[in-house]
Structure formats: structure tokens, C-alpha cells
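Structure at a glance
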Amino acid sequence: MPSSTPPPNPSANTHKRPNATTSPTPTIKRTKTTTPPSDLKPSNMEESPMPPPTPDNMDSAPAPSNESTTAPATTPSPSPTHLTLTYHQGSLFTAPPHTLLIHACNTLGKWGAGIALAFKHIYPSAYKTYYNHCASKPARGTALLIAPSQPPGQGQAQVQDQDPGTHWIGCLFTSAKYGRNKDAEDVILRSTGQAMRDLLRSIAEMEKDGFVVGTVRMCKINSGKFGVEWEATEQVLREIVIEEGWRGEVEVWEP
Ligand SMILES: Nc1ncnc2c1ncn2[C@@H]1O[C@H](COP(=O)(O)OP(=O)(O)OC[C@H]2O[C@H](OP(=O)(O)O)[C@H](O)[C@@H]2O)[C@@H](O)[C@H]1O
């Protein structure tokens, strides 16, 4: 077991909007009810119990009453906004500062294959955070949002365009295990929807606290090692109903 030393704390202000007034910097933020590595959690970032995932169909307004057959039709309630996916060609990693990069993970703390292995090489400090988080046995269907390891511009005259130290990382726990023990496809898909909602909620909380989270990007999650057709994952993602304050768009990048 590696030491529980937390990854370097990013300096708060550099991730914040200039007019932000709150102060603590999250090294890690997760919104699920499992125990976090408490030494990484700022004091005002207590976890609020996460409400159970709300089925999309509960978001719609109640059906209009049919008391009178002659009454004019009531104004239809606005249809819910669903998550939008846009497609882009190129590597996930060649991203501007503050970009949030999302990938699918198991809960065993490996990052030993596929794009996860690339994450491990490029973002060693984030891997430490992920590893420590996995020691707390996160549940499938939750997400982990990891703050950049270094603030943009730190130690540099100018921020480099694609400085990996400035990227946020989003881990979606879509399967508990990997390889032959990975979850069944329907479980992976259900967990994907839940985990993505969890992540969108975390991003919104960060932004509410004044932190700058840039564009949100993902690879075609689940479609490699987890063996789930991208189209199935895509459908689950597109069915996510966007709540107030949530990001409504995610970029999908494919090399
Ligand atoms: N630079 C790049 N830019 C953009 N897209 C890139 C790319 N490089 C590869 N891709 C694509 O990224 C998709 C995902 O393919 P992957 O097989 O990696 O992931 P997955 O989501 O199916 O499975 C997750 C399990 O793999 C790991 O395993 P371990 O932890 O080691 O056990 C995890 O942790 C999980 O457990 C495929 O479309 C690749 O073409």
C-alpha cells in the first residue's frame, strides 16, 4: 500500500474565477456517500448525502388535469434538456488548460490498461488520488473529480497550451472490476448514467464555489476494455436530464 500522502494541493486561487470569494481548494471532490480520504477534503466541502438517482421520467411535470373536456389545453411544460454530445477527432489529452478529461474506471485502483494506462503516465499525481480513493471502496455508479495537480502558470512565464498539470480528471466508476470479472453490460450501462450524473453534480458544485472547470471531454468510454458498444453508452448519456446549473454538453474525442 503506498503511503496515504495526498497529491500536491493545487493553489486555490489559480483555479478560481477572478471574482470568486470562497477560498479552499479541492484536491479531490466526490459526491457519493462512501467515505472519502478525509485528509483531502476541504473543510467546507462536506459531503451531502446524494439523493438516489432520479429517473428521467420523474423530471416531467404532472399530466394536466382532464376535469373539463372543453378547457383549452394547458401550456405544455418545457421539455427537459438532455445531455448533448459533440464529436471531435484527436487525442483526448491534447487539451487546453482547465479541460476536464473523463474516462471509465473500475474501483480496484489499477489504471493498468487501455487509456487508463496513458492517464497513469501523464497524470501520476491524479493516479495517486484515484488509487487512494479506491482504498475507500467506492461504489459503482459514482464518480471522482480530481483537481489539476498544478495551477496554470505555476513556475512558468506562460501557460503551455496543453499542460497536463492544468487538466481536471473525471473518473466514472462504470464497473466494479475489470477483465473477466467486469460487470455485465446492463450493469455497466446503468452505472454509467448514475456516475455521469454524479460527475455533473460535482462539476456544478465546483463552479458554484468559484473554481474554473473548462470544457468537458471524454473518450468513447466503455467501448474498449469494458467491451460495451459505444452506441449503447451514447444512448444512456443522451438520456441524462440536465438539472439546473449542470453542464449540458460533453465532447467526445476519438483519435
Ligand atoms: N488518446 C486517446 N484519445 C481519445 N480516445 C482514446 C485515446 N486512447 C484510447 N482511446 C479510446 O478510449 C476508449 C476507451 O477504451 P479503454 O479500453 O481504454 O477503456 P474502457 O472504457 O472500455 O474500459 C475501462 C477499463 O479499462 C481500464 O482498465 P484497468 O484499470 O487497467 O483495469 C480502466 O481503468 C477500466 O477498468 C476506446 O474507444 C479507445 O479507442
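The paragraphs below set out a description of the structure included in this document. (Residues numbered from 1 in each chain as written. Predicted model: local features only at pLDDT ≥ 70, side-chain atom pairs only at ≥ 80, totals over all residues. Heavy atoms only, no water.)

**Observations concerning the overall build of the protein**
Definition in use: By definition, any uninterrupted DSSP run of H or I lasting at least four residues is a helix, any uninterrupted run of E lasting at least two residues is a strand, and each is numbered from the N terminus. Contact criterion: two residues are considered in contact whenever any of their non-hydrogen atoms come within 4.5 Å of each other.
Within the protein, the secondary structure is distributed over 4 helices and 7 strands. Along the protein, from the amino end to the carboxyl end, the secondary structure elements read β-β-β-α-α-β-β-α-β-α-β. The contacts of the protein with a sequence gap of at least 6 include a subset with a gap of at least 24, amounting to 75%.

**Some thoughts on the environment of glutamate 185**
Here is the rule: Three exposure classes are used, based on accessible area relative to the maximum for each residue type with a 1.4 Å probe and protein chains only: buried under 20%, partly exposed in between, and exposed over 50%.
Residue position: glutamate 185 is located in helix H3 (residues 185–208). What makes glutamate 185 partly exposed here is its relative accessible area of 40%. Along the chain, glutamate 185 and threonine 174 lie 11 residues apart, while their C-alpha atoms are 9.8 Å from each other. Beyond its immediate sequence surroundings of up to four residues, glutamate 185 is in contact with Gly227, Val228 and Ala232.

**A short note on the packing of aromatic side chains**
Basically, it comes down to this: Here a Phe, Tyr or Trp ring, Trp counted by its six-membered ring, pairs with any other such ring whose centre lies within 6.5 Å, and the pair is stacked when the planes are under 30 degrees apart, edge-to-face when over 60, and tilted otherwise. For a ring to carry a charge above it, either NZ of a lysine or CZ of an arginine must fall within 6 Å of the ring centroid while also lying within 35 degrees of the normal to the ring plane.
Scanning the model with the defined rule gives 10 aromatic pairs in all. Relative to phenylalanine 119, the ring of phenylalanine 93 has its centre 4.9 Å away and its plane inclined at 70 degrees; by these criteria the two rings are edge-to-face. Of the two residues, phenylalanine 93 is situated in the loop between strand E2 (84–89) and strand E3 (100–105) and phenylalanine 119 in helix H1 (residues 114–122); the sequence distance between them amounts to 26 residues. On the accessibility criterion, phenylalanine 93 (16% relative accessible area) is buried. Overall, phenylalanine 119 belongs to the buried group, its relative accessible area being 0%. Among the aromatic residues, those joined into a cluster by ring pairs are Phe93, Trp111, Phe119, Tyr123, Tyr127, Tyr130, Tyr131 and Phe173. Its guanidinium or amino end placed over the ring of tyrosine 127, lysine 120 lies 4.6 Å from that ring's centre, counting from NZ or CZ. The ring of tryptophan 253 is capped by arginine 217, whose NZ or CZ atom sits 3.7 Å from the centre of that ring.

**Examining the nonpolar core**
Soluble globular proteins: nonpolar side chains tend toward being buried together. The condition that has to hold: Residues grouped as a nonpolar core are buried Ala, Val, Leu, Ile, Met, Phe, Trp, Tyr and Cys residues, joined through side-chain atoms within 4.5 Å.
Ranked by internal contacts, the top residues of the largest apolar core, which has 54 residues, are Leu83, Leu100, Trp111, Tyr130, Leu172, Met196 and Met218. Ignoring sequence-local partners within four residues, the contact set of tyrosine 130 consists of Cys105, Asn106, Leu108, Gly109, Lys110, Trp111, Leu144, Ile146, Cys171 and Phe173.

**As for a negative patch on the surface**
We count it as follows: What goes into a patch is any residue over 30% in relative accessible area without a salt bridge, connected to like charges within 9 Å or, for nonpolar side chains (Val, Leu, Ile, Met, Phe, Trp, Tyr), within 5 Å. With residues, only the protein chains shown are counted as cover, and all accessible areas are computed by Shrake-Rupley using a 1.4 Å probe. Salt bridge criterion: a side-chain nitrogen from Lys or Arg within 4 Å of a carboxyl oxygen from Asp or Glu. Two residue types count as positive, namely Lys and Arg, and two as negative, namely Asp and Glu; His and chain ends fall outside the count. Each charge is placed at NZ for Lys, CZ for Arg, CG for Asp and CD for Glu.
Negative charge collects at one region of the surface, where Glu185, Asp186, Glu229 and Glu231 lie side by side. Relative to the elements of secondary structure, aspartate 186 occurs in helix H3.

**Concerning the pairing of E3**
Convention followed: Strand pairing is assigned whenever DSSP identifies at least 2 bridges connecting the two strands.
The element E3 is largely enclosed, with a buried count of 6 among its 6 residues. Relative to strand E6 (residues 216–218), E3 runs parallel, the two sharing 3 bridges. Among the inter-strand pairings, leucine 101 is bridged to a residue of E6, identified as arginine 217.

**Side note on the site of the ligand**
Our working definition: To be near a molecule or strand, a residue needs just one of its heavy atoms within 4 Å of it. N or O atoms closer than or at 3.5 Å make up a polar contact, with two conditions inside protein: a donor-capable atom paired with an acceptor-capable one, and, for residues adjacent in sequence, both atoms drawn from side chains. Think of it as three bins: nonpolar holds Ala, Val, Leu, Ile, Met, Phe, Trp, Tyr, Cys and Pro, charged holds Asp, Glu, Lys and Arg, and polar takes everything else, Gly as well.
For the ligand, the set of nearby residues contains 23 residues, the closest of which are Asn106, Gly112, Ala113, Ile115 and Lys225. Taking glycine 224, its main chain carries an N or O atom lying 2.7 Å from an oxygen atom of the ligand. In the model, an oxygen atom of the ligand is placed 3.0 Å from a nitrogen or oxygen of the phenylalanine 226 main chain. Bound to the protein, the ligand loses 84% of the 780 Å² it would expose on its own. Mapped by element, the contributors of at least two residues to the shell around the ligand are E3 and H1. The greatest single-element share of the shell around the ligand, amounting to 3 residues, is contributed by H1. Class assignment for the residues of the shell around the ligand results in 14 nonpolar, 7 polar and 2 charged.

**Looking at the pairing of strand E7 (residues 249–254)**
Inclusion rule: Handedness of a crossover: with both strands directed away from the viewer, a clockwise path from the first strand across the helix to the second marks it as right-handed.
As paired strands, E2 and E7 are joined by 6 bridges and run parallel to one another. Across the sheet, histidine 88 pairs through a bridge with tryptophan 253, a residue of E7. For the handedness criterion, the β-α-β arrangement of E6, helix H4 (residues 230–238) and E7 is classed as right-handed.

**Quick word on H4**
Applicable threshold: The directions considered for the arc run from the helix axis to the C-beta atoms.
Of the residues making up H4, those classed as buried are Trp230, Thr233, Glu234, Val236 and Leu237. Down the axis of H4, the sector holding all buried residues measures 160 degrees, keeping them to one side. In this fold, the buried residues of H4 make contact with E2, H3, E6 and E7.

**Things to note about helix H2 (residues 124–135)**
The α-helix winds at 3.6 residues per turn, so residues separated by three or four positions along the chain end up facing the same way. Rules: Each helix should span, by expectation, one fewer than its residue count multiplied by 1.5 Å.
The end-to-end C-alpha separation of H2 is 17 Å, in line with the 16 Å expected for 12 residues at 1.5 Å each. For H2, the complete set of buried residues consists of Ser125, Ala126, Tyr127, Thr129, Tyr130, Asn132, His133 and Cys134. A positive backbone phi angle near 50 degrees is found at lysine 137, which sits one or two residues after H2.

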